[in-house]
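# Examination of the molecular architecture
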Amino acid sequence: MKRKKLIVGNWKMNGARAAVAPLIEQVRVAAADSSGVEVALCVPFPFLETAERLLADSTLAWGAQDLSEHASGAHTGEVSAQMLKDFGCRYVIVGHSERRSDHGESDQLVLSKVRAALDQSLTPIICVGETLIERGADRTEEVVLSQVKAALEPLSPEERRRCVLAYEPVWAIGTGLSASPAQAEAVHATVRSWIATLDADLAADMRILYGGSVKPESASALFGQDDIDGGLIGGASLVASDFRAIIAAA
Ligand code: PGA
């Protein structure tokens, strides 16, 4: 099966109430002729209702950038998978490096969040990636594979099939320093080979996105790599013309 490319906008903590509807609308129009590519927007929680309202009749999916590992209860400030489901989310980003570093999210917590998402039939986009120090110490493969294993190994074969991976080198996120297509492809191929040791069919089908300073100029070469199945797009997803060019590149 040929893997369908997936382009996901990660707005992070950006956007203001008045600007959200126009931006979503522009992206909806920009993505209207993107047959063959799946497009999703992961917006801040307060904007999910607007996303649902504006995108319900479109080909675009929407989602959130985090969720609680708990199903419900006394967890002040948290948002559950069921709530995301109620607002029509298809995707949820899990274990983004900004959550791992700013909020101390461990591999174990990431796994709990992946399970919470799967329990509500949400598709977790599981983020992995090495820091610049780890890359400099030649530990990229070790770090990335240990994060991938921690998130996927404990799942059932059927659960693994419902996940998406995103390789995001920490040094490339928001820095303007994208990994080169060859650097990214090397990691994607390594991850896919490891998945093949679990399940060859899964390795062939699983989508592995690249994220980290993807721009209209760099998108085609990245998405042209054999094992890169789309992108997780931060900054450029906030500029409709850039996001449209990135979708077109896919
Ligand atoms: P960036 O962010 O495209 O702004 O580097 C990507 C991400 O963090 O998902």
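The shown structure was predicted, so the numbers you read here are calculated from the model rather than taken from an experiment.

### Regarding helix α12 (residues 240-249)
Inspection of α12 places A240, F243, I246 and I247 among the buried residues, and these make up the whole buried set. Each buried residue of α12 sits inside an arc of 125° when the element is viewed along its axis, so together they form one side.

### Regarding the pattern of salt bridges
According to the stated counting rule, one finds 18 salt bridges in the structure shown. When the shortest N-O distance is used, the salt bridge between E158 and R162 registers 2.9 Å. Where R192 meets D227, a salt bridge forms, and the shortest distance between an N and an O atom there is 2.6 Å. Taken together, the residues R192 in helix α9 (residues 181-198) and D227 in the loop between α11 (216-223) and β8 (230-233) connect sequence positions 35 residues apart. By relative accessible area, which is 9% here, R192 ends up buried. Look at D227 and you get buried, because its relative accessible area is 13%. A network of salt bridges, in which partner residues are shared, links R3, R192, D227 and D229.

### Description of the site of the ligand
Around the ligand, the structure places 13 residues, and the nearest of them are K12, H96, E168, G174 and S213. Here E168 contributes a side-chain N or O atom positioned 2.7 Å from an oxygen atom of the ligand. G234 is positioned with one of its backbone polar atoms (N or O) 2.9 Å from an oxygen atom of the ligand. Coverage of the ligand by the protein amounts to 97% of the 280 Å² it exposes when considered alone. Broken down by class, the residue content of the shell around the ligand amounts to 4 nonpolar, 7 polar and 2 charged.

### As for the sheet that holds strand β3 (residues 61-64)
Sheet architecture is closed into a barrel: 8 strands sit in the order β1-β2-β3-β4-β5-β6-β7-β8, paired in parallel fashion. Ignoring which end each strand starts from, the neighbouring axes of this sheet average 25° apart. The pairing of strand β7 (residues 208-211) with β8 spans 2 bridges and is classified as parallel. Within the sheet, the bridge partner assigned to Y210 lies in β8 and is G231.

Reading the values: the criteria
Residues numbered from 1 in each chain as written. Predicted model: local features only at pLDDT ≥ 70, side-chain atom pairs only at ≥ 80, totals over all residues. Heavy atoms only, no water. Buried < 20%, exposed > 50% of the residue type's maximum accessible area, 1.4 Å probe, protein only. Helix = DSSP H or I, 4+ residues; strand = E, 2+ residues; numbered from the N terminus. Arc of directions from axis to C-beta. Salt bridge = Lys/Arg side-chain N within 4 Å of Asp/Glu carboxyl O. Near = heavy atom within 4 Å. Polar contact = N/O pair within 3.5 Å; in protein donor to acceptor, adjacent residues only side chain to side chain. Areas by Shrake-Rupley, 256 points an atom, 1.4 Å probe, with all protein chains shown as cover. Nonpolar A, V, L, I, M, F, W, Y, C, P; charged D, E, K, R; others polar. Pairing = 2+ DSSP bridges. Axes fitted to C-alpha atoms, helices over the stretch in contact; angles between N-to-C directions.

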